[in-house]
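# Structural features, examined
In case you want the letters, here they are:
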Amino acid sequence: MDDELRWFIAIAEAENLTMAAAQVHASQPTLSRFIARLERELGVPLFDRDGRRIVLNRFGKVYLERVRRAVAQLDAGRREIDQLRLPARGAVRLAFLHSFGISLVPDLIRRFRDDNPQTRFVLTQDAAATVVAHVVAGDAELAIVSPRPMRTDMAWAPIAAQKLALVVPRDHRFAGRSRIGLAEAADEEFIVMERGFGMRRIFDELCAASDVTPTITFESSELATITGLVGAGLGVGVVPVEDDDRRGDVEMIPLSGETREIGLTWFRGRPLPEVAARFRDFVVGEASA
């Protein structure tokens, strides 16, 4: 089909079958049969004949315009595929939450670089609100955050979900429970993240949904600090369950049906550089696999 489109353009421009045949490396009879078949399929003549010269008529001119557009699109598609076949080059500016730097982000970068070893990453760790601000300001192209940004100008693609748990001291009255509702811990003292961190927003939303007015004894900037202070008996906390959470002085009790959604976000109003778009598509693809 692609060859025949180019045959038609060559015939229309040369206005001579012999000359067109030489250009496209086909025989004149082949081109004659092609034109006859095409005109039968369309139900109209495309050329006016004048001896050896053939000239596009009004039907042929309309068809030529569309054929040229089709060929241009096919060529563009080939170029895009060729680019995708090549390893991505350049730098991806990626921002993410501190807690995602343990395994999630390193694992994604490692697997992407397996096929794209020349891709560099410029990384920024911070609180959720600050991470999103980096993307809006153009200091980063992509961010991995939780929860979903509340801004309508930020695109969002969910990539993972983590269970949430009430972390308590090993000798706590709730120890040994298989699950718990946050309302059951309403009279506890809580150690929480500072405002501006994603887990603080999640905690506040859980409390509002459970009609809990928490007593907060300490605000931290690190999830690990929450778990450490809980182990020291200074309160309880709400944290995501990590695969490597194995502390002997605390117990993670799953919160009934509660998770935190993790996603990739970028600014809608700014086109992504090609290498950043490739990484975005890779991350989203891995999440849906």
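In the block above lies the structure referred to throughout.
Counting restarts for each chain: residues are numbered from 1 in the order of the written sequence. This being a predicted model, a pLDDT of at least 70 is required before a residue's local features are given, and a value of 80 or more before pairs of side-chain atoms are given or counted; all residues contribute to the totals for chains, interfaces and linings. Water and hydrogen atoms were dropped before computing side-chain values, which therefore reflect all heavy atoms in the structure.

### Some remarks on the overall build of the protein chain
Basically, it comes down to this: Only DSSP runs of H or I covering at least 4 residues are called helices, and only runs of E covering at least 2 are called strands; the numbering of each starts at the N terminus. We compute the radius of gyration from the C-alpha atoms alone; for a globule the expected value is 2.2 Å times N to the 0.38, where N is the number of residues. Per-residue accessibility, obtained with a 1.4 Å probe over protein chains only, is compared with the maximum for each type, and a residue is labelled buried under 20%, exposed over 50%, and partly exposed between these values. The contact rule is simple, with two residues in contact once any of their heavy atoms fall within 4.5 Å. Only four residue types enter the tally: Lys and Arg on the positive side, Asp and Glu on the negative side, with His and both chain ends excluded. Charge placement uses NZ in Lys and CZ in Arg. For Asp and Glu, CG and CD serve respectively.
Scanning the protein chain from terminus to terminus reveals nine helices and 10 strands. Here the protein chain has a C-alpha radius of gyration of 31 Å; the compact-globule value for 289 residues is 19 Å, and the former is much larger. Seen through its C-alpha atoms, the protein chain measures out along the principal axes to roughly 100 × 40 × 35 Å. Taken across its 289 residues, the protein chain has 42% of its residues classed as buried. Contacts in the protein chain between residues far apart in sequence, at least 24 positions, make up 74% of those at least 6 positions apart. In the protein chain, which carries 38 positive and 42 negative side-chain charges, the distance between the mean positions of the two groups comes to 9 Å.

### Re the sheet that holds strand 5 (residues 142-145)
For clarity, the cut-off: Pairs of strands are assigned from DSSP output, requiring at least two bridges between the strands. The axes are straight lines fitted to the C-alpha atoms, using for helices just the contacting stretch, and the angles between their N-to-C directions are given from 0 to 180°.
Taken together, six strands build an open sheet; the order of strands is 4-3-5-10-6-9 and the sheet is mixed. Where the open sheet ends on each side, the last strands, each with one partner, are strand 4 (119-126) and strand 9 (237-240). The average angle at which neighbouring strand axes cross in this sheet is 25°, direction not considered. Pairing of strand 5 with strand 10 (residues 250-267), which is carried by three bridges, proceeds in the antiparallel orientation. Note that in strand 10 the partner of I144 across the bridge is L264. Helix 7 (residues 198-209) rests against strand 6 (154-169), strand 9 and strand 10 of the sheet, and its axis sits at about 125° to strand 9. Where helix 9 (residues 274-288) meets the sheet, its contacts fall on strand 3 (90-97), strand 4, strand 5, strand 6 and strand 10, and the angle it forms with strand 3 comes to roughly 50°.

### Let's talk about the packing of helix 1 (residues 2-14) against helix 2 (residues 17-24)
Spelled out, the test is: When an angle is under 35 degrees it counts as roughly parallel; over 145 it counts as roughly antiparallel; between 65 and 115 it counts as roughly perpendicular; any other value is oblique. Two helices that cross are described as forming a left-handed crossing if the nearer one is turned anticlockwise from the farther one by less than a right angle, and a right-handed crossing if clockwise.
Viewed as axis vectors pointing N to C, helix 1 and helix 2 meet at an angle of 135°, and their least axial separation amounts to 8 Å. Considering their axes alone, helix 1 and helix 2 lie oblique with respect to each other. Where helix 1 crosses over helix 2, the handedness of that crossing is right-handed. Contacts from R6, W7, A10, I11 and A14 in helix 1 reach L17, M19, A20, Q23 and V24 in helix 2.

### Remarks on helix 6 (residues 128-137)
Spelled out, the test is: By arc we mean the arc of the directions from the helix axis to the C-beta atoms, nothing more.
The complete set of buried residues in helix 6 reads A128, V131, V132 and V135. Angular distribution of buried residues about the axis of helix 6 spans 95°; they occupy a single face of the element. G138 lies just past helix 6 and shows a positive phi near 90°.

### Let's talk about the packing of aromatic side chains
Condition: In this scheme Phe, Tyr and Trp rings, the latter by its six-membered ring, pair at centre separations within 6.5 Å, and the angle between planes marks the pair as stacked below 30 degrees, edge-to-face above 60, and tilted otherwise.
The tally for this structure, following the rule as stated, stands at nine aromatic pairs. Where F8 meets F47, the ring centres are 5.7 Å apart and the plane angle is 55°; that geometry is what we call tilted. Residue F8 is located in helix 1, and its partner F47 is located in strand 1 (residues 47-50); the two are separated by 39 residues in the primary sequence. Relative accessible area serves as the criterion here: at 1%, F8 is assigned to the buried category. The class for F47 is buried, based on a relative accessible area of 2%. Note on F112 and F121: the rings are 6.2 Å apart at their centroids and 85° apart in plane angle, and the pair reads as edge-to-face. In this structure, F112 and F121 share a single accessibility class: buried. What links up through ring pairs into an aromatic cluster is the set F112, F121, F279 and F282.

### Structural notes on the pairing of strand 9
Every second residue of strand 9 is oriented toward a common face, with G237 and V239 on one face and V238 and P240 on the other, all of them buried. Relative to strand 9, strand 6 is paired through four bridges, and the arrangement is antiparallel. Across the sheet, the residue bridging to A165 is V239, located in strand 9.

### Remarks on the pattern of salt bridges
So the rule is basically this: Every case where a carboxyl oxygen of Asp or Glu lies within 4 Å of a side-chain nitrogen of Lys or Arg is listed as a salt bridge.
Counted by the stated rule, this structure contains 23 salt bridges. Residue R177 pairs with E184 through a salt bridge whose shortest N-O separation is 2.9 Å. By relative accessible area, E184 is classed as partly exposed at 39%. Taken together, the salt bridges that share partners define one network made up of D107, R110, R111 and E286.

### Re the environment of L94
Tracing the backbone through its elements, the reader meets L94 in strand 3. With relative accessibility at 1%, the residue L94 sits in the buried group. With 67 residues separating them in the primary sequence, L94 and S27 have C-alpha atoms 56 Å apart.

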